[in-house]
Amino acid sequence: MARTTQSKDAPVSPEVLEQLYSTMCRIRRFEEWTAELFQAGRVKGTAHSYIGEEAIAAGACANLRVDDYVGSNHRGHGHCIAKGADVQKMMAELMGRETGYSHGLGGSMHIADMKRNILGANGIVAGSMPLGNGAALAAKLRGTDQVVISFFGDGGSNQGIFHESLNLAAIWKLPVIFICENNQYALSTSYKTTTSVEKISTRAISYGIPGHTIDGNDSVEVYKVVGEAVRRARAGEGPTLIEALTWRWGQHSMRANILDPRSQKDMERWIARDPIKLLEKRMLKEKRIPKSRIKAIQDETQNQLEDAVKFAEDSPEPTVDLLEKAVYAPHIAHKEPSSRGTREIGFAEALCEAMGQEMERDPSVFVMGEDVGATGGIFQATKGLIDRFGAERLRDTPISEATFCGTGIGAAIAGMRPIVEVQIFDFVTLMMDMIVNQAAKFRYMLGGEPTVPVVIRGPQGGGIRLAAQHSQSLEAWFTHIPGLVVVAPSTAYDAKGLLTAAIRDDNPVIFLEHKMLYLGATGPVPEEPYAIPIGKADVKREGTDVTVVATQLMVSRTLAAANVLEREGISVEVIDPRTLRPLDEETILASVAKTHRLVIAHEACKRGGFGAEVSAMVNERGFDELDAPIARVCALDVPMPFNDNLERAVIPSQERITDAIRGLF
């Protein structure tokens, strides 16, 4: 790939012209084969053709080095090919074969080559933008001069994360180029009827960055304009927004069964401006590439694609053995300390100590979120860290939850270990696409090879009179999603050890911290670094008559209830899962086999809650051991009220737990 850029008026070298032409021919022939194979039923699902837009990917990526990043979208074949992806592996992926880039798990919309820093084609509109910001932030933190190109369509320019991503990239001066491939229609709607500006590039003005609208069918113009943006980014001058006007020749996707709203006149006008033909004319007119060489490139491309199709068709299909192995990276086998010592600290201080020690140990660890820097977080979980590590690694973000979460995920994909603080966990609703569709699925969609070592942490739960939008317990949402690890400590000791393990883990971790635990009693915590194994429950109290599985704040209330019941002759065993996904089922089942009774206590609402999953698991695997029905003690099925008496009525109390246990005898 070319490593130098030229001024706008300088002639482009024959080597660059040949590279542009060869890349466009390879993209065009790949897409033509894909369409033929789709019609023949050999490419299934769907695919989104890049025919007509080849000049953008070719011209843009000709400015990149192998170590630069590209973030793509659902129409991503061209971007991958232009960045140097192997067309054999790409074609095999489209056919769902084991030899494909994602081993048949991703398909057309999720092709990536992490060895070439292709961050993956993305089926979520504008999803590449926060991820691209993350890769750019990773490059900036490492002190390299790598740059990122984030491709998106005109429809993505009306997404909130478009605006959030431009703003974040601008204030942090990230080395990222946002390229809008404006093919003028979303699925079937003209951008002119959905977009408030005539030129999408003018939106750059709002963020104080350069914006350009260019002819997306002129590969040389694309090459030069993107080249200048790459130069700016490498020099630390920040992002650029480029709108490349173009036209897709086909419908939105190959599966489209709707009426094409575009006029025949417009279609003919744009096809007459075929980007490949335009470059051919330039090369022949300037007599810089002989006609024989143009024909040779066409023949080479045809042979390459014929070989790719044969490779794909001869490749085996994946087996079901691949599925579960692709979801999670292996967890590290940590060993807990033999002694907790005598030093006592609080929950928030334990979290802060874990983050500080991991930041000292590993320069790839950093923290980002709202007010995490000088303020230290509203619950002081990052207090003082900015004084030790500076604002580069304690990064205060705009109130742009979706984008700063996605930026953290992108940085993790690019090799960093971000800790993303959610100021109040109810706000995670604004991050759900990035968590569920990006972080949780990224490794799987790419065949189980990449890692996404990001921790998303913050306070949940009620008890401090913050009402319905600031008091929810949402763990059941995340335990339902394959690909996420869900951790919920109940003590300062567990908080430090589990957060340490979460930071070191190669999977996305949802780390839940109950607000009342920030305000609760101190506890013994070793001063030296330590990690608690992910997926290992803790028996907080041994007993013989009944098992209580309790989480977070309910652990201390269950222990208090156990002390009361002991005086009544009832011996209660208390188990804290600590990690909700993966769940230590064996410890729970062993306890039930001993006590023959089970109560589950958590603060979240009962219906659809985490307790229902534990109950189902015990019924399926340990039913014969039960001497009584399983009881659940949970919040009432209502949003959290503000009034203090009503809030106490909603949240499970020690008395409710005590009564539920008594009810089994």
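For the structure given in this document, a descriptive report is provided here. Predicted model only: the values in this text are computed from it and were never measured.

## Looking at the overall build of the protein chain
- The secondary structure content of the protein chain amounts to 23 helices and 19 strands.
- Taking 665 residues into account, the globule formula puts the C-alpha radius of gyration at 26 Å, and the protein chain, at 28 Å, falls close to it.
- Oriented by its inertia axes, the alpha-carbon framework of the protein chain measures out at about 95 × 55 × 45 Å.
- Classification of the 665 residues of the protein chain by burial places 60% in the buried group.
- Long-range pairs, those at least 24 residues apart, make up 81% of the contacts in the protein chain between residues at least 6 apart in sequence.
- If you sum the accessible surface of the protein chain, you get close to 25400 Å²; carbon and sulfur atoms cover 51% of it.
- Here the protein chain carries 73 positive and 85 negative side-chain charges, and the mean point of each set is 5 Å from the other.

## A closer look at the sheet that holds strand β15 (residues 546–550)
- Reading across from one edge, β14-β16-β15-β18-β19 is the order of the five strands in this open sheet, with mixed pairing throughout. The open sheet has two edge strands, β14 (538–541) and β19 (631–635), and neither has a second partner. Neighbour-to-neighbour, the strand axes of this sheet turn through a mean angle of 25°, independent of strand direction.
- Two elements, β15 and strand β18 (residues 598–605), share four bridges in a ladder whose sense is parallel. Bridge pairing in β18 places valine 549 opposite isoleucine 600.

## Observations regarding the packing of helix α14 (residues 401–413) against helix α15 (residues 432–445)
- With their axes 10 Å apart at the nearest point, α14 and α15 run at an angle of 5° to one another. Considering their axes alone, α14 and α15 lie roughly parallel with respect to each other. For the pair α14 and α15, the contacting residues are Ala402, Cys405, Gly406, Ile409 and Ile413 in the first and Met434, Ile435, Ala439 and Phe442 in the second.
- Within the contact of α14 with α15, the residues separate by chemical class into eight nonpolar, one polar and no charged.

## What to know about unusual backbone geometry
- Cis geometry is found at the peptide bond from arginine 581 to proline 582, where omega equals 5°.
- In this structure, histidine 103 takes a positive phi of about 55° despite not being glycine.
- With respect to the element layout, histidine 103 can be found in the loop between α4 (87–94) and α5 (128–142).
- The phi dihedral of alanine 467 is positive, around 70°, even though this residue is not glycine.
- Its place among the elements puts alanine 467 in the loop between β10 (455–460) and α16 (475–479).

Definitions and limits used
- Residues numbered from 1 in each chain as written.
- Predicted model: local features only at pLDDT ≥ 70, side-chain atom pairs only at ≥ 80, totals over all residues.
- Heavy atoms only, no water.
- Helix = DSSP H or I, 4+ residues; strand = E, 2+ residues; numbered from the N terminus.
- Rg over C-alpha atoms; globule rule 2.2 N^0.38 Å.
- Buried < 20%, exposed > 50% of the residue type's maximum accessible area, 1.4 Å probe, protein only.
- Contact = heavy atoms within 4.5 Å.
- Areas by Shrake-Rupley, 256 points an atom, 1.4 Å probe, with all protein chains shown as cover.
- Lys, Arg positive; Asp, Glu negative; His and termini not counted.
- Charge placed at Lys NZ, Arg CZ, Asp CG, Glu CD.
- Pairing = 2+ DSSP bridges.
- Axes fitted to C-alpha atoms, helices over the stretch in contact; angles between N-to-C directions.
- Parallel < 35°, antiparallel > 145°, perpendicular 65-115°, else oblique.
- Nonpolar A, V, L, I, M, F, W, Y, C, P; charged D, E, K, R; others polar.

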